[in-house]
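Geometric and topological summary
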Amino acid sequence: MQDFSVLVVDDEEDLLETLVNRLNRRTIRTHGVTSGEEALKVIKEKPIDVVILDIKMPGGMDGIETLREIKKINPLCEVILLTGHGAVETGIEGMSLGAFDYILKPVRLEELLPKIAEAVEKKRGQVQ
Amino acid sequence: MEDSRYKKLQRVYIVLILLVSFTPLFLLGGIMYYQVAKTYRIKIEEQIRYRAISQTDSIDLFLKERTAILAAIADTVNFDQILDEKNLLKIFEIINLRAGAFVDLGVIDQAGQHRAYVGPYELRGLNYFQQPWFSEVMTKGVYISDVFTGFRASPHFIIAIRRQEDKNCWILRTTIDPDIFGGIVRSAQIGKTGDAFIVNKEGTYQTTPRFYGNILGKTDIDPSKFGGLTTVNEEINSQGEKRLTAGRWLKNKTWLLIISQDVSEEMGGLLQTRNQEIAIILVGSILIILTTVITTRLTVAKLEEADTRMNELNAKLLQSDKLAALGKMAAGVAHEINNPLAVILQKTGWMEDLLEDEALKNSKEIVEYRASLKKIEEHVERARKVVHNMLGYARKMEPRLEDVDINETLRQTISMLENYARLNSIEVKTILSPDIPIIASDQSQLQQVFLNIISNAIDATGRDGLIEVKSAVGETTIDVMIADNGPGIQEEQQKRIFDPFFTTKQTGKGTGLGLWITYNIVEKLGGSISFNSEVGRGTTFTVKIPNAPPTEK
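Structural notes, computed from the coordinates. All figures in this text were calculated on a predicted structure; none of them were measured in a lab.

Our next topic: the overall build of chain A. Across its full length, chain A holds five helices and five strands. Helices and strands appear in chain A in the N-to-C order β-α-β-α-β-α-β-α-β-α. Every one of the 128 residues in chain A was classed for burial, and the buried ones make up 45%. Looking at chain A alone, contacts between residues at least 24 apart form 61% of all its contacts between residues at least 6 apart.

And the structure:
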């Protein structure tokens, strides 16, 4: 097991389940939730290093609101935003709110893994 | 349809304008002519009436004078003296010298016997007792006869005066020269058609008329139509001529002076005026018709031109509106596609992960599984690219102004496609105008435009084709023409070639976004793109880019 943990937030359950499974299979401790509210609960309870957060979540909190709250609870927690192309502007807004990066959907795991690694690196640098 | 609509409009305009112009013109012309004719008619009637009055006055005066002379003689000499023909001759000579128009002079006794006579005829000894005029003069004292032939067998009239001398009574009688009298009457004749004559109550000519008749002949004028005052009538005579006739009875009430004139001669002045008026109206009408037709045609042509331009503009607006709406919709749809694509991609990834397990690794079909998953990933990648292109373009749409050399951009673009063209044995010919100025535009976007059009042309032309790329300086634009000799675009496809996702290429070969993006780029750069295609002969695309001067540095 890697020495960091990841939280995936996406309302698309099929995607969420698969992504969590695949990351876990690669020895990354990964949790998955389908809403912003649930995500905040997890962050309060567990040590999460990186959050992979979908911006567009209909009903309840959207990605940007969730990002704000996460940063309030744990400013050191790194957030990678997942965005459809149409929401590029929102992605950029997220960056200015302290997100680590944003990635356009659909994304291959081969592209996502290095980003997670970079985010973990950055967090560790800040902690030290 | 359109054509006939404008033709109809033109006809309505012309008819309306002509109606509005001609109605007052003809109305005014008609009223003016009517008024002038009326005034003219009154004037000539007055003239002829005046002539009749003055002429009857002079004839009355002539007869009164002659009668007075005879009466003076009869009153101053006695019967014996007057019977002496020497005395009679002397008197005759004196009165002819002083007044004239006396043809002869004779003395008749109360038995009707002609006793003394001076004159050209042999009337001495004749007895007039049976003559109608004899009893007339004996009863009335003064008598002016109608014209008659009498004993001398030639038309004449006489004036006779009765003298009462104690119980004896005698008559002094004279014949008035018919030529002199006729001359006085005829002096009222005017012009080429004027006539003046005297008729008696029965309508017998007492003087010779100028036309159609002779003295003692019958006139076709009915004397009873002429009343106490001067009467003016218009009559049509036996020859069918319209004549204006004025008649006035002489003081003796037995003779009627008629003065007549052909209406057409009298109205000659008016005819001239009428002809002038008709000429003016005719010229005016021609001018009005010409002006109306020409100005209406010009106006309608201008209107048609403006409508055509408006329709073109509307069509263009509609096209760009449609494309913008389609773009927005496509963007929304594309975004929704991303989520399922993401799931598919993760699921295939997960399956690949699972295939790494020992149990499955040794499966007989493992290679087949992996290949199928790869194919799925490839196709997800293809779909992702479509979405990417579309939204990626939308993202970087704002043009960046820089100095652009269109010719150089074309050369670069063509060199990028050189290999592709050679592979298809297609010749790309360039005719670039050396006068193309450096302009302010977005080079990379222009390159994208040319790239899309030329690569489309290569794809369309097939093998052994020819593509011609021309540049030229337009009025306010730089024009680039890209012509191929390919199969051309079918007419039903021409309307749709700028629509997103419209492609004629084989499935999987084209996204259908190339020309849509091209269209949008050119619009954003302030230019225009159009094409002309003929099936079997090829297609020419024309891109017009605003000739904007380069930015100051």
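A word on the overall build of chain B. Tallying secondary structure elements over chain B gives 13 helices and 16 strands in all. Here chain B holds 553 residues, and the buried ones make up 26% of them. Pairs at least 24 residues apart make up 62% of the contacts formed inside chain B by residues separated by at least 6 positions.

All names here are of chain B. Ordered by their spatial adjacency, four strands build an open sheet running 6-9-8-7, and the pairing between neighbours is antiparallel. If you trace the sheet from one side to the other, it starts and ends with strand 6 (195-200) and strand 7 (231-236), each paired once. The mean angle between the axes of side-by-side strands here comes to 30°, regardless of whether they run parallel or antiparallel. When strand 7 meets strand 8 (residues 242-249), the two strands line up antiparallel, connected through six bridges.

For an interface, size is often stated in terms of accessible area lost upon the parts coming together. Taken together, the contact pairs 20 residues of chain B with 17 residues of chain A. Secondary structure elements with two or more residues in the side of chain B that touches chain A: helix 7 (268-355) and helix 9 (366-395) of chain B. A total of 14 residues in the side of chain B that touches chain A trace back to one element, the largest contributor, which is helix 7 of chain B.

In a beta sheet, neighbouring strands pair by backbone hydrogen bonds and run either parallel or antiparallel. All names here are of chain B. Across the sheet, five strands lie side by side as 11-13-14-16-15; this open sheet has mixed pairing. A single partner strand is all that each edge strand has here, and the edge strands are strand 11 (427-432) and strand 15 (528-534). On average, each strand axis in the sheet is inclined to that of its neighbour by 15°, with strand direction left out of account. As judged from the seven bridges shared by strand 15 and strand 16 (residues 538-546), these two strands associate in the antiparallel manner. From the neighbouring strand, Phe531 faces strand 16, where its bridge partner is Phe541. Across the face of the sheet, helix 10 (residues 406-423) comes into contact with strand 11, strand 13 (466-473), strand 14 (477-484) and strand 16 while running at roughly 175° to strand 11.

Residue and element names in this part refer to chain A. Every buried residue belonging to helix 2 (residues 36-45) is among Gly36, Ala39, Leu40 and Ile43, and all of these are buried. The buried residues of helix 2 occupy one face: seen down the axis, they fall within an arc of 100°. Those residues of helix 2 that are exposed and angled more than 90 degrees off the buried face are Glu37, Lys41 and Glu45. For helix 2, the elements touching its buried residues are strand 1 (5-9), strand 2 (29-33), strand 3 (50-54) and helix 3 (63-73).

Let's shift gears to the nonpolar core. Buried together is how nonpolar side chains tend to be arranged in soluble globular proteins. Of all hydrophobic cores here, the largest spans 47 residues; its most connected members are Leu88(B), Leu257(B) and Ile259(B). The element best represented in this core is helix 1 (residues 2-76) of chain B, accounting for seven residues. Once residues within four sequence positions are removed from consideration, Leu88(B) is found in contact with Ile82(B), Leu105(B), Val107(B), Ala116(B) and Val118(B). One finds Ile80(A), Leu81(A), Ala99(A) and Val343(B) within the second-largest nonpolar core, a separate group that totals 40 residues.

Our focus in this paragraph is the packing of helix 2 of chain A against helix 3 of chain A. Residue and element names in this part refer to chain A. The interhelical angle for the contact between helix 2 and helix 3, taken along N-to-C directions, is 15°, at an axis separation of 10 Å. One element, helix 2, and the other, helix 3, form an angle in the roughly parallel class. As helix 2 packs across helix 3, the resulting crossing turns out to be right-handed. Residues Gly36, Ala39, Leu40, Ile43 and Lys44 of helix 2 pack against Glu65, Thr66, Glu69, Ile70 and Ile73 of helix 3. In terms of residue class, the contact of helix 2 with helix 3 is built from five nonpolar, two polar and three charged.

A word on the environment of Leu70(B). Residue and element names in this part refer to chain B. Summarising the element assignment, Leu70 is placed in helix 1. In sequence terms Leu70 and Ala160 are 90 residues apart; their C-alpha atoms lie 7.9 Å from each other. The contacts of Leu70, once residues within four sequence positions are left out, are Ile159, Ile161, Leu172 and Thr174.

Moving on to the pairing of strand 4 (residues 157-165) of chain B. Residue and element names in this part refer to chain B. Where strand 3 (residues 142-144) meets strand 4, three bridges bridge the pair, whose relative direction is antiparallel. Bridge pairing in strand 4 links Tyr143 to Ala160. Here strand 4 pairs with strand 5 (residues 168-176) via nine bridges, running antiparallel. In the sheet register, Arg162 faces strand 5, and the bridge partner there is Ile171. A loop of two residues connects strand 4 with strand 5, the two strands running antiparallel in sequence, and Asp166 in this loop sits at a positive phi of about 55°.

Criteria and thresholds
Residues numbered from 1 in each chain as written. Chains lettered and ligands numbered in written order. Predicted model: local features only at pLDDT ≥ 70, side-chain atom pairs only at ≥ 80, totals over all residues. Helix = DSSP H or I, 4+ residues; strand = E, 2+ residues; numbered from the N terminus. Buried ≥ 20, exposed ≤ 12 C-beta atoms within 10 Å, placed from the backbone. Contact = placed C-beta atoms within 7 Å. Pairing = 2+ DSSP bridges. Axes fitted to C-alpha atoms, helices over the stretch in contact; angles between N-to-C directions. Arc of directions from axis to C-beta. Core = buried A, V, L, I, M, F, W, Y, C linked by C-beta atoms within 7 Å. Parallel < 35°, antiparallel > 145°, perpendicular 65-115°, else oblique. Left-handed = near helix turned anticlockwise from the far one by under 90°. Nonpolar A, V, L, I, M, F, W, Y, C, P; charged D, E, K, R; others polar.

In short, shape yes, function no, at least from these values alone.
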